[in-house]
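What the coordinates show
Here is what each chain is made of, one letter per residue.
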Amino acid sequence: MHNPKQVALAATLLLPFSTTQTVHPLSGSNWTLSDPGSNVSVPATFPSQAHLDLHAAGIIGDPLYALNEFEQRWVAYSNWSYTSPPIPGLSTNASSTWLLFNGLDTFTSISFCGQFVASTNNQFRQYWFDVTEILQACSNETHRVLAINFGSAPNIADAIANEPGQETWPFGVQQVYEFPNRWFIRKEQSDFGWDWGPAFAPAGPWQPAWIVQLGSQAVHIRNSIVDIYRQGQLNLLPPDQSQPWVVNASLDYFGNLPDNATLTYVLNDLQNHTISSGALSDVNTTNATITGSTIIPDGTVDLWWPSQLGPQNLYYITISLQSSAKVSLASVTKRIGFRTIVLNETPISDAQLALGIAAGNNWHFEINGHEFYAKGSNFIPPDPFWARVTPQRIEQLFQSVVAGNQNMLRVWASGAYSPDFMYDLADEYGILLWSEFEFGDALYPVDQAFLDNVRAEAEYNVRRVNHHPSLALWAGGNELENLELMLVNQSAPKQLAKYTAQYETLFLNTLLPAVFENTRSISYTPSSTSNGWQSLNFSATHPIMERYNNLTTGSVYGETDFYNYNPAVLHNASALPIGRFSNEFGYHSMPSLQSWRQQVLASDLTFNSTTVLLRDHHDPAGGLNTSNTANSSIGQAQMTEAVEMWYPTPGKRDAVANFSAWCHATQVFQADLYVFEIAFYRRGSGLPNRQLGSLYWQLEDQWVAPTWAGIEYDGRWKVLHYAAKDIYEPVIIAPYYNVTTGNLSVWVTSDLWEAVSGTATFHWYDWSGKQLDMNTTQSVAFEVGAINSTQVLQTFTTDVLAKYDLTNVVLHMSVEAQGRLPNTNTTRTFRHDNFFNPTPLRTAQLIDPGLTLTYSPTTAIFTITSTRGIAAWVWLDYGEGAVVHFDSNGFWLLPGQPREVGFTVQSDGTGGAWVNTVTVQSMWDQTQATSVGSFANGTANGTGGSGAPIAYTGTAAKTSISVLVIVAAALQILL
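Owing to the predicted nature of the structure, the values given are computational and were not obtained by experimental measurement.

Quick notes on the rules
Residues numbered from 1 in each chain as written. Predicted model: local features only at pLDDT ≥ 70, side-chain atom pairs only at ≥ 80, totals over all residues. Heavy atoms only, no water. Pairing = 2+ DSSP bridges. Helix = DSSP H or I, 4+ residues; strand = E, 2+ residues; numbered from the N terminus. Salt bridge = Lys/Arg side-chain N within 4 Å of Asp/Glu carboxyl O. Buried < 20%, exposed > 50% of the residue type's maximum accessible area, 1.4 Å probe, protein only. UniProt positions renumbered as here; feature names shortened; annotations may be inferred. Contact = heavy atoms within 4.5 Å. Polar contact = N/O pair within 3.5 Å; in protein donor to acceptor, adjacent residues only side chain to side chain.

**Section: the pairing of strand β3 (residues 40-46)**
A regular strand places its side chains on the two faces of the sheet in alternate fashion. Note: strand β2 (residues 28-35) against β3, six bridges, orientation antiparallel. Across the sheet, Leu33 pairs through a bridge with Val42, a residue of β3. What sits between the antiparallel neighbours β2 and β3 is a turn of four residues, in which Asn39 has the positive phi angle 60 degrees.

**Looking at the pattern of salt bridges**
Under the counting rule described, the total for this entry stands at 24 salt bridges. Its salt-bridge partner being Glu178, residue Arg73 comes within 2.6 Å of it at the nearest N-O pair. You can see Arg73 sitting in helix α4 (residues 73-76) and its partner Glu178 sitting in the loop between α6 (153-161) and β10 (209-214), a full 105 residues away along the chain. Take Arg73: its relative accessible area is 9%, and that puts it in the buried class. Classification of Glu178 by relative accessible area gives buried; the value is 4%. The partner of Glu371 in a salt bridge is Arg690, and the shortest N-O contact between them spans 2.7 Å.

**As for helix α18 (residues 719-727)**
An α-helical turn contains 3.6 residues, so a residue and the one three or four places further along point in the same direction. When you tally the buried positions in α18, you get eight out of nine residues, the bulk of the element. Listed as buried for α18 are Val719, Leu720, His721, Tyr722, Ala723, Ala724, Lys725 and Ile727.

**Some thoughts on the sheet that holds strand β21 (residues 370-371)**
One open sheet accounts for three strands, arranged β19-β20-β21; its pairing is antiparallel. At either end of the open sheet lies a strand with only one pairing partner, and these are β19 (341-344) and β21.

**Side note on the UniProt feature "domain: Beta-mannosidase-like galactose-binding" (unreviewed entry) in the protein chain**
Summarizing the sequence annotation, UniProt attributes the feature "domain: Beta-mannosidase-like galactose-binding" (unreviewed entry) to residues 31-207 in the numbering used throughout. End C-alpha atoms of residues 31-207 are separated by 15 Å, and the span's content is 16% helix alongside 25% strand.

**What about the environment of Glu371?**
As for its placement among the helices and strands, Glu371 is situated in strand β21. Judged by its relative accessible area of 26%, Glu371 is partly exposed. Spatially, the C-alpha atom of Glu371 lies 9.7 Å from that of Leu343, the residues being 28 residues apart in sequence. Not counting residues within four places of it along the chain, the set of residues in contact with Glu371 comprises His364, Phe365, Glu366, Arg690, Leu692, Trp753 and Ile787. Among the polar contacts listed, one links the side chain of Glu371 to the side chain of His364, at a separation of 3.5 Å. Within the structure, the side chain of Glu371 is placed 2.7 Å from the side chain of Arg690, a separation counted as a polar contact.

Spelled out as structure tokens, the structure:
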């Protein structure tokens, strides 16, 4: 269990201290928010955003409720002022006084003591201003008031777009969701709308701020970087793991730095034992930074590893700034880890070709010299208002990430740069954060003022977070090469060269140096997604030459993203892309009834109510239309078509129960599709494309709406997150079926770093659970190599099932293998099972499986038993007021083989009463007019169907699942 106090301590230690400076935090609840234009003046907090303070004051309702996104647009179009009370404790005798802001969203005019200080225009930059003379002239303490006026971002973006001579782009290239012209301003791009979230365009001081007063020989460290890499390491190239560690530290300061200042360091473990200490060498000083380095011999420290790949070893390093007389001026302490992480895009070597890997280029990550399979998802802003995102909320998400067998998150571009506490938590939990600069689904201006603004933004954030071992990559932005430049080529091919050059100006000539000139430990790629680089030349001004579409037939390059909203894509492997890595893929689904109830009226709880439709932003409005039912109905129709194509169509008598059943059915299709795609991509680790990563879209929601998320806004898991947890197990078994030819193959895939051997077992049943007499081998012995796959069954249903009705056939497959997790010495048994039915469940001869559910308070275990037949997509549901994660859910169940399920309670406002609301259902219940588990009145209700309410037992029944021993022919890359 991770200690939140440790996270808070890590964040606190980032604040520098000095005996010759005084720091006055501006945080508090005694500010005022006002807008003369609307005659509003209310109490406010700092940090905050206007919507939050207006809601707290009762001026507006919950922004996320119903259609308030549209009804509150006047807030985005208004100018808002945050005004402090008189600031006490300031000295007019200080040598200098500074205002320091870590985040202002976005366009501001700042005054202090009634005097203009400065203007800002970038949400992501740190700003600091010398106000010494203003304070010295402000003798009346009651006048020492700070006022920050925030201009309307949508209005200012429109004004910039309409400036004479402003850049334009070919029609259809710039992706508009709601508010237009987001690409002209340096603000969270999704604040102007996206297809999974609302458009509030908030304004306010979203990050902390301080007044800093310094003595005549004092400095304040405003930012710093610690870069840890192997000696001789270069970005983008795998380093020599036998080399010692280089620790390079650089402090950004303001104030008066004495001549001949020095730097020292102390490296401690988490138990405060000193590992190494001394003076930093090669100290270099400018008027804004001081930098030095040291060497840590190889083997002195333990390595940091991602989750399931080894321990998360962490250390504290303190960098102290001293005068030549050894007087301490300031220091900064950071929690760090020793690891190398490289995005390897090098050409496929002769040795790799000899192993059966297709020609082209690599595209995978290597941690501490080891390639590994990246398993994870895409992280979006967890709330439309970052000012209310807390460490506790991120920690709960990260607990779900690790519980879901994920080791990497792609922190999607076009949100906001992640706060330090998010990286702190990722360091602790072992979650690699593929991080991106905030650009996406658009091309951007390249005038010098814009580029200078971006460079300052990038420098600040690169230096701020670089010490975190969880930082995995910097990417320039989202879908720039594979979408934006492609759209230019389609709509204006003669202008492709022009816009490619502009793209390179920003993403290769501006952002890349911001990374490479500050760190040697992190890789950079200009675009997610791309075909990778074609050549590297570190002696050149611009070291990366992108490949674009300079492809060789038969070779494999880069990473893929994939969306196909024809539901027939399910189980159609020929429709999926072949690449080295998959960074995005998915399909949307509805959230649960319990979540809907939190943000919409009861009268709107129907699948195609106006409110539900308008909260579906897929397809997006493409503008400021507040009655976008034409576009949003496309997304609703896609979900409807998917359910009708593959599953029994819900038809409950109770309208709310029917709505709930439809919501659940869309989640089942989403989970079904993701399991199919993830298994397909993972199988690629043993095929010529040597595919080494699967990051689905998306991890979590930022409101209640139809989206691609696997975790709902309050933390409740959809079917997807349970299904992804299962298919992300280290060793899996999965079927691949060609419905046209009847060709059925089954593969075992392992992401372990050593070969594993075991058995795969196959049994055919009808839906009643009666085993079919197939006269075929039912167990196959196999060995699968490190991060590899092997085929364990190949047959044709046209042969093996010739005498059976395909609508009444189910294949159960299971695997058991012996192996070790990386960096462990203990051999353990890995198990996984899966099911295959050759026809859609819509036409399958489902029967009532007779599910029973018992709960033992003694063991806190639920036991589910199927008494009459095979149960597909068994689902444990529970009522409102709590967030509970079951150990497993959304599984299939054979008759007579009870399943024991434990749980973790994330939050509980019911006093434990949620246990009494738990019900169980399966796909068969979708065919019934009534069922339990509808929660139509806020609690489980209804009778009939196999869905069963809970029964209590003294002790839970023991699960008895027989695992038969098996056998197989290896067909894999020889690794």
